[in-house]
Amino acid sequence: GFTAAEFKEAGFYAADLKYVGFTAAELKEAGFNAPQLKKAGFTAAELKEAGLDARELTQSGFTAAELQEVGFTFTELDDSGYTARELRALGLLEN
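Quick caveat, the model's predicted, so the values are computed rather than measured.

Moving on: the overall build of the protein. Tallying secondary structure elements over the protein gives 9 helices and 0 strands in all. In terms of principal-axis extent, the alpha carbons of the protein reach across some 55 × 15 × 15 Å. Put simply, the protein has 95 residues, and 29% of those count as buried. Restricting the contact set of the protein to residue pairs at least 6 apart, pairs at least 24 apart contribute 22%. For the protein, the exposed surface amounts to about 6,000 Å²; the carbon and sulfur share of it is 49%. The averaged location of the 16 negative side-chain charges in the protein is 6 Å from the averaged location of its 9 positive side-chain charges.

Put into structure tokens, the structure is as follows:
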């Protein structure tokens, strides 16, 4: 069979490869980035499990609440560029 990287090189999209059973980790290894994986339908939890960090998920459009829900810490969210207001809304900062 072909690898995810070979399919990517042939012009297949991450969503195509997810549909046929490739994991987020396999697609990340093949060179797909976080926005492409999110667009393909992978969840924040799947992308975190695949080794993507909070900053990558933030830049892909996941919310602070979504990242907190899958276990990213205050420090990881703060380092990812969320504002004090966003973190306070999650109960991560005192008023």
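Our next topic: the environment of A45. Within the element layout of this structure, A45 appears in helix 5 (residues 44-49). A residue is classified by how much of its surface remains accessible, and A45, at 40% relative accessible area, is partly exposed. Separated by 24 residues in sequence, A45 and E69 place their C-alpha atoms 8.6 Å apart.

Okay, the nonpolar core next. Of all hydrophobic cores here, the largest spans 25 residues; its most connected members are L27, L37, L47, L57 and L67. Taken together, the elements giving at least two residues each to this core come down to helix 2 (14-19), helix 3 (24-29), helix 4 (34-39), helix 5, helix 6 (54-59) and helix 7 (64-69). Ignoring any residue separated from it by four or fewer positions in sequence, one finds L47 in contact with A24, A34, L37, K38, F42, L52, L57 and F62.

Attention shifts here to the side chain of S80. Secondary-structure assignment places S80 in the loop between helix 8 (74-79) and helix 9 (84-89). What makes S80 buried here is its relative accessible area of 9%. Other than its neighbours up to four places away in sequence, S80 contacts A54, R55 and T58.

Analysis parameters
Residues numbered from 1 in each chain as written. Predicted model: local features only at pLDDT ≥ 70, side-chain atom pairs only at ≥ 80, totals over all residues. Heavy atoms only, no water. Helix = DSSP H or I, 4+ residues; strand = E, 2+ residues; numbered from the N terminus. Buried < 20%, exposed > 50% of the residue type's maximum accessible area, 1.4 Å probe, protein only. Contact = heavy atoms within 4.5 Å. Areas by Shrake-Rupley, 256 points an atom, 1.4 Å probe, with all protein chains shown as cover. Lys, Arg positive; Asp, Glu negative; His and termini not counted. Charge placed at Lys NZ, Arg CZ, Asp CG, Glu CD. Core = buried A, V, L, I, M, F, W, Y, C linked by side-chain atoms within 4.5 Å.

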